[in-house]
Amino acid sequence: MQTSTLILALLVLTAIAYQLGRARSLRVAGGPRGARKLHSLPAYYGLLTAIWCSLPALVVVLGWQALEDRIIAGQVVQSMGGGVQELAPGELSLVLNDVRNVVAGNVKPDAVAPEIATAALRWQRLDGLSRTSAAVLALCVALAGGWITLSRIKPTMRARNRVEQIVRVALMGCSLIAILTTIGIVLSVLYESLQFFRFVPVTEFIFGTQWSPQLAIRADQVGSSGAFGAVPLFAGTLLISFIAMAIAVPVGLFSAIYLAEYASRGFRAVTKPMLEVLAGIPTVVYGFFAALTVAPLLRGVGERLGLEVASESALAAGLVMGIMIIPFVSSLADDMITAVPQSMRDGSYGLGATRSETIRKVVLPAALPGIVGGVLLAVSRAIGETMIVVMAAGLSANLTANPLEAVTTVTVQIVTLLVGDQEFDSPKTLAAFALGLVLFLVTLLLNVIALKVVRRYREQYE
Amino acid sequence: MNKPDPLRTAQEQGRIRDLVERGLRRRYRAERRFRAYGLAAAVSGLLFVGFLFLSIISTGYTAFVQSYIQIDIRFDAELIDPEGKQVEEILRMGDYSGVFKAALREKFPQVEGRRELRQLYGLISDGSAFDLRDMVLDDPRLIGQTRELWLMASDDIDQLVKGKIDRKLPEDQRVVSDLQLGWLDALTAEDRVERRFNRVFFTAGDSREPEQAGVLGAVVGSFLTLAVTLLLSFPIGVAAAIYLEEFAPANRFTDMIEVNINNLAAVPSIVFGLLGLAVFIKFFGVPRSAPLVGGLVLTLMTLPTIIIASRAAIKAVPPSIREAALGMGASQVQVVAHHVLPLAMPGMLTGAIIGMARALGESAPLLMIGMVAFIADIPGSLTDPATVLPVQVFLWADSPERAFLERTSGAIMVLLVFLLVMNAAAVILRQKFERRW
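Residues numbered from 1 in each chain as written. Chains lettered and ligands numbered in written order. Predicted model: local features only at pLDDT ≥ 70, side-chain atom pairs only at ≥ 80, totals over all residues. Heavy atoms only, no water.

J.: Explain the domain arrangement of chain B to me, and be specific about the residues and the numbers.
T.: Residue and element names in this part refer to chain B. Under the domain assignment used here, chain B contains domain 1 (66–198) and domain 2 (216–433). The gap between the C-alpha centroids of domain 1 and domain 2 is 46 Å. Taken together, the contacts link eight residues of domain 1 with five residues of domain 2. When the two sides are added together, the surface that domain 1 and domain 2 hide from each other amounts to roughly 520 Å², 36% of it contributed by carbon and sulfur. If you sort the residues of domain 1 by the area they bury against domain 2, Asp 155, Gln 159 and Lys 164 come out on top, with a joint share of 65%. Summed over the shared surface of domain 1 and domain 2, the number is two salt bridges. Across the pair Lys 162 and Glu 406 runs a salt bridge, and its minimum N-O distance is 2.7 Å. Our count for the contact surface shared by domain 1 and domain 2 stands at four residue pairs in polar contact (both at pLDDT 80 or more). (Domains from an automatic or database assignment. Contact = heavy atoms within 4.5 Å. Buried area = accessible area lost by both parts, 1.4 Å probe. Salt bridge = Lys/Arg side-chain N within 4 Å of Asp/Glu carboxyl O. Polar contact = N/O pair within 3.5 Å; in protein donor to acceptor, adjacent residues only side chain to side chain.)

J.: So what's going on with the sheet that holds strand E3 (residues 193–197) of chain B? Residues and values would help.
T.: All names here are of chain B. Spatially, three strands are ordered E2-E1-E3 in an open sheet, and the strand pairing comes out antiparallel. The outermost strands of the open sheet, each flanked by one partner alone, are strand E2 (146–152) and E3. Looking at each pair of strands side by side, their axes are set apart by 40° on average, direction ignored. As judged from the seven bridges shared by strand E1 (residues 65–74) and E2, these two strands associate in the antiparallel manner. Residue pairing for E2: Asp 72 is matched across the bridge by Glu 148. (Pairing = 2+ DSSP bridges. Helix = DSSP H or I, 4+ residues; strand = E, 2+ residues; numbered from the N terminus. Axes fitted to C-alpha atoms, helices over the stretch in contact; angles between N-to-C directions.)

J.: Pulling in residues and values, what's your account of the interface of chain A and chain B?
T.: Contacts between the two partners involve 79 residues from chain A, matched on the other side by 75 residues from chain B. With both sides pooled, the region where chain A packs onto chain B buries about 6900 Å², and carbon together with sulfur makes up 76% of that total. Where chain A touches chain B, the interface holds two salt bridges. Here chain A is connected to chain B by 13 residue pairs in polar contact (both at pLDDT 80 or more). Class assignment for the residues of the side of chain A that touches chain B results in 48 nonpolar, 20 polar and 11 charged. (Nonpolar A, V, L, I, M, F, W, Y, C, P; charged D, E, K, R; others polar.)

J.: An account of a nonpolar patch on the surface is requested, with residue identities and associated values reported.
T.: Judged by side-chain polarity, Ile7(A), Leu8(A), Leu11(A) and Leu58(A) come together as a nonpolar surface patch covering roughly 340 Å² of accessible area. With three residues, helix H1 (residues 3–28) of chain A is the single largest residue contributor to the nonpolar patch. (Patch = residues over 30% accessible without salt bridge, like charges linked within 9 Å, V, L, I, M, F, W, Y side chains within 5 Å. Areas by Shrake-Rupley, 256 points an atom, 1.4 Å probe, with all protein chains shown as cover.)

J.: Account for H1(A), with residues named and values stated.
T.: Think of an α-helix as 3.6 residues a turn; residues three or four steps apart then line up on the same face. Residue and element names in this part refer to chain A. Taking 1.5 Å of rise per residue, 26 residues should cover 38 Å, and H1 covers 36 Å from first to last C-alpha, within 8% of that figure. All buried positions along H1 are accounted for by Leu 6, Leu 10, Thr 14, Ala 17, Gly 21, Ser 25 and Leu 26. Packed against the buried residues of H1 are helix H2 (42–80) and helix H4 (114–152). Taken from the residues just after H1, Gly 30 is the one with a positive phi, measuring 85°. (Expected span 1.5 Å × (residues − 1). Buried < 20%, exposed > 50% of the residue type's maximum accessible area, 1.4 Å probe, protein only.)

J.: Can you tell me about the domain arrangement of chain A, naming the residues and giving the values?
T.: Here the domain parsing of chain A yields domain 1 (3–157) and domain 2 (224–461). Between the C-alpha centres of domain 1 of chain A and domain 2 of chain A there is a distance of 49 Å.

J.: Residues and numbers for the packing of aromatic side chains, please.
T.: Two measures describe an aromatic ring pair: the distance that separates the ring centres and the angle between the ring planes. All names here are of chain B. This structure, assessed with the given rule, holds 17 aromatic pairs over all chains. A ring pair is formed by Phe 201 and Phe 202, whose centres lie 5.3 Å apart and whose planes are at 85°; its orientation type is edge-to-face. A residue is classified by how much of its surface remains accessible, and Phe 201, at 0% relative accessible area, is buried. Within the aromatic cluster, the residues linked to one another by ring pairs are Phe 64, Phe 197, Phe 201, Phe 202, Trp 396 and Phe 404. Against the face of Tyr 68 rests Arg 196, its NZ or CZ located 4.9 Å from the ring centre. The ring centre of Phe 374 lies 3.8 Å from the NZ or CZ of Arg 208, which sits over that ring. (Phe/Tyr/Trp six-rings, centres within 6.5 Å; stacked < 30°, edge-to-face > 60°. Lys NZ or Arg CZ within 6 Å of the ring centre and 35° of its normal.)

J.: Requested: an account of the environment of Ala144(A), with residues and values cited.
T.: Residue and element names in this part refer to chain A. Within the secondary structure layout, Ala 144 lies in helix H4. With a relative accessible area of 38%, Ala 144 lands in the partly exposed category. Taking C-alpha positions, Ala 144 is 8.9 Å from Trp 52, a pair spaced 92 residues apart along the chain.

Below is the structure:
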């Protein structure tokens, strides 16, 4: 049975269970007029039956789905014998892929080795068996759950409380997904990174100044012969982020000041949403803009001035990234500036200060912690930004501070190392996870500090 | 005690007033300068927006038209169906590129030699063979007849017609040769070159040939991916928000969840891609490149956004409503289900739409899970390999063919229109249903 039909059947069963539970509660209470004797409304008895009918069965189906492939693969490998079990994981997965291709019908059985063909046949049989047994099991669980609940319905049964208990647990389960995601990120990135650090020592990764992961692959050797020193990547990331912040902070801050303190209502009403449009544009659009409009423009200007500008210069990527971050800085700064109490401004005006003096000497210092927090968040954004640099920054790891040269960044390297079909266990692929770990830790640190600063500042004036 | 000299005081006063006035002038100048900086910053922000849109639209609007060339096509039975059987399998195998090549030779009989002929055939898109085949399959009686047909021009010719290739460049620096220029001019003189609305762009999947490439495959892929994302992230996000706002006890564990959500909202999207690769693909064995795994990754990415927006919407429901319901004997779950949730729903939906708009524009995590493959077919299910609009933009932007430049901009415009519609829907929803208490 297909999984979708199975789920459909479960849904139908659930609907029936609801009706049955409802009807039974009324019957045990002695007809519709006896509903007053029930502890809860009849609908809650129906709901309870429906939940116990569907929930365990769904768990069975999903659990089966998640494990089915592995179990079958294990069975098939065992049946193949003949040294297959002793193969290295990489070769084993190749063999299994062959089998899968035959099973899926991409390859005809007579086009492969006979062992593979028999294994495929076995796979198909196991697959059919597993599907049938999954369906039977799930339906049995559903029927049993529904029937047990039905048989327990009594007027004194606290159906509403039970349903609400389940609802609460489900709600809590949903909020736990946030924690699970974080744990998932940490575990997956950490696990692969640790494997990587078996090939390359941590110190070499963090302090090495040579980055050329391609070498290791071409020579078909272990990672230690390739160069995995990430300093040029960190430097490139910082350079581009610095250029971006050099654009975004002044422009964002000044426009926030202007919009919050000077602009007329009409100007503000038009300009603010227009600037926020910048925040809604997909980053791939900025990347295209940087690579095809800004970079040639800068090159042309550089040529006229007699400067050598690389076609994938850090300047172009940084400039466009800065534009992307402007609304981020400006809207946060705007929040912070408007949160400064009017009485502080009035006090300053009362002493004869002009508006700009008030802003510079009173409003900005008062808003500074919040603004700093916002800028930190923007920095973490810039460091983690991917598409702009993938499209507009270079691939070669140059260790330079010259914004006119091409540099590469952490995110660019992650993408280039992982795009395309890769072996999971080559140091090249694992290096991407190590870079991801660094990226995650750095942005996490920035975010924690920034959120703390912003929160403390908000509380100050609330 | 010395009485101050009135004369001197006056003098002094004048001096002080002078000083103050000079100081005031200076301060006012500083004021005006400061104000000008602010204005300049705001205006430069606006200019960036304008420049960005101008550059995209000016390169992209031509993607919506395509050049066609009219030639007399003779559906030669020799090439299509030599044995005259008229069965579909044989008609499907016919040499349709031979058909239009023969027509071109007929049109320009003076062309000789392989190199020149190849240039001549280069006028018409290879994809025209498929169009001709479909025509014949529709109506086999065409075989043996001659028709005046408009065929799609090849990408380079199309670029030339649109004026994107400079005719004055020396021949070795442009992709269109002098011969091709001559033929094209001859055709133009006979009114046989025309620009039409580019239907292919909206009805085809990806292709290596720019003139046959369209965005439909990516649009469908985006739609499937977003459907998964919405179906998972909206219920989960709303449930998490309800728990945190209405039920969670104020303890360290709840604090931890909150801090976690806020941090996840600021984690770089590419990290979610790494998570998807390691957990969903490697551990659970979800098929690569499929909308299913893309949707799962984007779900995790948009969850924080939706939770934060939903919590704000729940917070905005005044406590008096809860108290009234509790006073009538409702349980806490009933209060939430019957009163808080319906009242907060518009705000939650707004948050969900904004989260979806972000997910629609996201491409970095999808690169990690293999949604960058070249896929010409239009995906039909959640486990088919697919790509999404922003990744299509990325792929086309990387292509060397000149004609992909305008198509990239065209795809960006399609993407921006979708985003505009979603954001407009969010704004309308907010204005129409948001209640101020």
